[in-house]
Amino acid sequence: MILTYHNVDLLPLDELTVGIFAFIKQMLKLRNYKVVYLEDYNIYDDTNVVITFDDGYSGFLKYALPVLKFFNYPFEVFICKNFLDTKNFIKTKDLYKIIESNGRLEYHSKSHYNLTEIKEINILEEEISPPEELKLYDENGFKYFSYPYWKYSLSVINIIKKYYNGARSGNGFADNTIWALDSIKMNNKTKIEGKK
Ligand SMILES: [Zn+2]
């Protein structure tokens, strides 16, 4: 299974934020699984888990990163270029901290538009293709894409195939192929099953 987190903070103040105590509990449960990078993920092996974070919230960096480092879990952070360096999001100068902690950087589009509503191919390309200046931060990264609002179309997938090895959707929108991998939207109450 693939877990999709957004923000992690001291308290679960909104639907997209998991509180640090619930997050630690969920990470403890994962000791019974094999936590892997997306690159090594086997859809058919139910002991495999991938931990992913969308959007690149600064709360993630402050609260989730030390916990992930403690457990020594690999994880993937899907960043949105236009969110970087804005309020509540990761600063570009801190991206190296993710790599240092066994994390990988992946892409979540330039502007976080619903890609299925964009008709112009050149704008889709601009939204989907990974920026060269960001690729410099992670030589193993930017091989996977996560769809804003989980949404994709055939023309979106055709562009994804040019730049990536796969893409992640979820929350009821995925067909669970490598181009729209299914994932679980994590919240404060999500229970992870015990021993496999
Ligand atoms: Zn997002």
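Residues numbered from 1 in each chain as written. Predicted model: local features only at pLDDT ≥ 70, side-chain atom pairs only at ≥ 80, totals over all residues. Heavy atoms only, no water.

A. Summary view of the overall build of the protein chain. In terms of helices and strands, the protein chain carries six helices and ten strands. Since a compact globule built from 196 residues should have a radius of gyration of about 16 Å, the 16 Å found for the protein chain is in line with a globular shape. For the C-alpha atoms alone, the extent of the protein chain along its principal axes is close to 45 × 35 × 30 Å. Considering only contacts in the protein chain between residues 6 or more positions apart, those separated by 24 or more positions represent 62%. For the protein chain, the computed accessible surface area is about 9,700 Å², with 53% contributed by carbon and sulfur atoms. (Helix = DSSP H or I, 4+ residues; strand = E, 2+ residues; numbered from the N terminus. Rg over C-alpha atoms; globule rule 2.2 N^0.38 Å. Contact = heavy atoms within 4.5 Å. Areas by Shrake-Rupley, 256 points an atom, 1.4 Å probe, with all protein chains shown as cover.)

B. Region of the structure containing the nonpolar core. Counting 51 residues, the largest nonpolar core has Phe 23, Ile 51, Phe 53 and Phe 60 as the members making the most contacts within it. Per-element tally for this core: the top contributor is helix 2 (residues 58–71), with eight residues. (Core = buried A, V, L, I, M, F, W, Y, C linked by side-chain atoms within 4.5 Å. Buried < 20%, exposed > 50% of the residue type's maximum accessible area, 1.4 Å probe, protein only.)

C. Representation of unusual backbone geometry in the model. Positive phi is not limited to glycine here, since Asn 72 has a value of about 60°. Mapped onto the secondary structure, Asn 72 falls in the loop between helix 2 and strand 6 (75–79). Among the residues examined, Asn 72 registers a relative accessible area of 53% and is labelled exposed. Although it is not a glycine, Asn 88 sits at a positive phi angle of roughly 75°. Among the secondary structure elements, Asn 88 is positioned in the loop between strand 6 and helix 3 (95–100). The partly exposed category is assigned to Asn 88, whose relative accessible area is 47%.

D. Structural view of the coordination of the zinc ion. Those donors, Asp 55 (OD), His 108 (NE2) and His 112 (NE2), are the protein atoms that reach the zinc ion, and they lie 2.1 Å from it. Between the donor residues of the zinc ion, the gaps in sequence give the motif D-x52-H-x3-H. Here the residue Asp 55 occupies a position in strand 5 (residues 48–55), and His 108 occupies one in the loop between strand 7 (103–107) and helix 4 (121–128), the gap between them amounting to 53 residues. Taking the relative accessible area as the measure of exposure, Asp 55 reaches 6% and is therefore buried. (Donors = N, O, S within 2.8 Å, 3.2 Å for Na, K, Ca; no water.)

E. Region of interest: the pattern of salt bridges. For the coordinates displayed, the defined rule picks out ten salt bridges. Here the residues in one salt-bridge network are Glu 39, Arg 104 and Lys 143, joined through shared partners. (Salt bridge = Lys/Arg side-chain N within 4 Å of Asp/Glu carboxyl O.)

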